[in-house]
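# Structure at a glance
Letter by letter, the chains look like this.
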Amino acid sequence: MIIELSDDYLPEEVLHRDKQIEEIKNIFKNFKKLGMGTNLALFGVTGSGKTTIIKKIIKDENNAIYISCSEAHTTYKAIKKIFNLNISTQEELLKKTIERLLKEPRILIFDEIDKVKNLSQLVNTLNTIYRKTMIPIIIITPKRNIIKQMPTDARKTLFFEKITLPSYNAHELKNILKSRLKLVDQKIRDLDEGTVNYISAIAAQHGSARVLMNLTLRCIQKNNFTQKFIEIVFKEMMKEDWIDFVNEINETERAFLRCLLEKCDFEKEVTSEELQGKMKLTAARISQLINTFERYSAITSRHENLGRAGGRRRFVKFDTKEIYKELDKMMGYS
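Anyway, here's the lowdown on the structure attached to this text. This structure is a prediction, so every number in the text was calculated from the model and none was measured.

## Here's the deal with helix α3 (residues 75-83)
- Every buried residue of α3 is listed here: T75, A78, I79, I82 and F83. On an axial view of α3, the arc spanned by its buried residues comes to 135°, and they lie on one face.
- Among the structural elements, β2 (64-68), α4 (90-103), β3 (107-111) and α5 (119-133) are those in contact with the buried residues of α3.
- Following α3 by one or two positions, N84 adopts a phi angle in the positive range, close to 55°.

Shown next as structure tokens:
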């Protein structure tokens, strides 16, 4: 395997993220200087570089503890990961962890925090740690509405600063791919400039460096760099992503998806008012759900001002025919 193109590879230089890296490093600098600092929520779609830039900063600064919540998906396991203390009860584990952090302060980083089974419990625990230690806590997630899901007291105490990584465009993805290919020792035949451009353009549909690398690796493994093959692989990858997406959404989001499938498709639009009437939810909650599905690139929405009589309405439909058909099939409608 060409390690330079893998998800786990940590490049010496992270391209097109200078501004965000500098903002995050300021938290580390203040912590070193003052022993305390701002809490941070780092957002971005899958493949936008969230984990990469955090791991790069950890390597450079060497004063943080990284916890992957996809591996430690309960509060007990996540807190245990901080120092790997061999303590059986959660209450005692928290107490001893706080005592150790006071002696050995480190910034705490919880990646993919949305994967934790009981978010409120974990956030309340982090709130306790922060109150006792004032150590900065960084959470990483693609879900921008996650802070609103937190218990009010913890949310107000932790008061997360927010940084959002934008999706990569085709030009940025091309730069990233070319920089990684320069690090590969072996010469890859048939991976010419035109192919690099095409892979970058396809990956830009999701703005994802992960898609970019996986597409390139698959082409190399199969020794096939044709546009047709790249498109086939991309569709297979997107299908796998939609399966993961549907498996991870909660019951309210699942009901919302069913409602969308019944009311609209890739051509026919539905208004947010219609969705609100069907689901019996508040306008604010419907707006949150629309934003969530739009961030996953499942749907697209637009606002239209219909004048004094009609007011301002938000229209929704599925982003593409392929997405509509795939989700319709997964939900058992076809």
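## A closer look at a nonpolar patch on the surface
- Where nonpolar side chains cluster on the molecular surface, the patch consists of L34, M36 and M134 and spans about 270 Å² of accessible area.
- Among the structural elements, M36 can be located in the loop between α1 (18-34) and β1 (40-43).
- The exposure class assigned to M36 is partly exposed, which follows from its relative accessible area of 37%.

## Remarks on the layout of surface pockets
- Here the second largest pocket defines a volume of roughly 460 Å³.
- Elements with a minimum of two residues in the lining of the second largest pocket: α8 (193-203), α10 (227-248) and α15 (321-330).
- Split by residue class, the lining of the second largest pocket holds six nonpolar, four polar and seven charged.

## Looking at the pattern of salt bridges
- Summed over the entire model, instances satisfying the criterion amount to 18 salt bridges.
- Between K29 and E22 there is a salt bridge, with its nearest N and O atoms 3.5 Å apart.
- The class for K29 is partly exposed, based on a relative accessible area of 42%.
- Here D60 makes a salt bridge to K25, at a shortest N to O gap of 3.7 Å. Note that D60 is positioned in helix α2 (residues 50-61) and K25 in helix α1, a separation of 35 residues in sequence.
- When its relative accessible area of 38% is taken as the criterion, D60 is described as partly exposed.
- Taken together, the shared-partner salt bridges in this structure form one network comprising E12, K25, K56, K59 and D60.

## A short note on the pairing of β2
- Along β2, four of the five residues are buried, which leaves the element largely enclosed by surrounding structure.
- Strand direction decides the pairing type here: β2 and β3, joined by five bridges, are parallel. Note on β3: the bridge partner recorded for Y66 is I109.

## Quick notes on unusual backbone geometry
- The phi angle at N62 is positive, at roughly 55°, despite the residue not being glycine.
- Here N62 lies in the loop between α2 and β2.
- Assessed through its relative accessible area of 65%, N62 is described here as exposed.
- Positive phi values are uncommon outside glycine, yet M134 reaches one of about 60°.

## Observations regarding the packing of aromatic side chains
- Applying the stated criterion across every chain yields a total of three aromatic pairs.
- Taking 6.0 Å as the distance between ring centres and 55° as the angle between the ring planes, the aromatic pair formed by F266 and Y324 counts as tilted. Taken together, the residues span a long stretch of sequence, with F266 in the loop between α11 (251-263) and β6 (270-271) and Y324 in helix α15 at a distance of 58 residues.
- Site record: aromatic cluster; members linked through ring pairs are F266, F318 and Y324.
- A cation sits over an aromatic face here: R17 above Y168, 4.0 Å from the ring centre.
- A cation over a ring is seen here: R302 above F315, with NZ or CZ 4.5 Å from the ring centre.

Reading guide: rules and limits
Residues numbered from 1 in each chain as written. Predicted model: local features only at pLDDT ≥ 70, side-chain atom pairs only at ≥ 80, totals over all residues. Heavy atoms only, no water. Buried < 20%, exposed > 50% of the residue type's maximum accessible area, 1.4 Å probe, protein only. Helix = DSSP H or I, 4+ residues; strand = E, 2+ residues; numbered from the N terminus. Arc of directions from axis to C-beta. Contact = heavy atoms within 4.5 Å. Patch = residues over 30% accessible without salt bridge, like charges linked within 9 Å, V, L, I, M, F, W, Y side chains within 5 Å. Areas by Shrake-Rupley, 256 points an atom, 1.4 Å probe, with all protein chains shown as cover. Salt bridge = Lys/Arg side-chain N within 4 Å of Asp/Glu carboxyl O. 1 Å grid on protein atoms, 1.4 Å probe; cavity = no way out; pocket = protein on both sides within 12 Å on 5 of 7 lines; lining within 4 Å. Points joined across faces, edges and corners; volume = space filled by probe spheres on them. Nonpolar A, V, L, I, M, F, W, Y, C, P; charged D, E, K, R; others polar. Pairing = 2+ DSSP bridges. Phe/Tyr/Trp six-rings, centres within 6.5 Å; stacked < 30°, edge-to-face > 60°. Lys NZ or Arg CZ within 6 Å of the ring centre and 35° of its normal.

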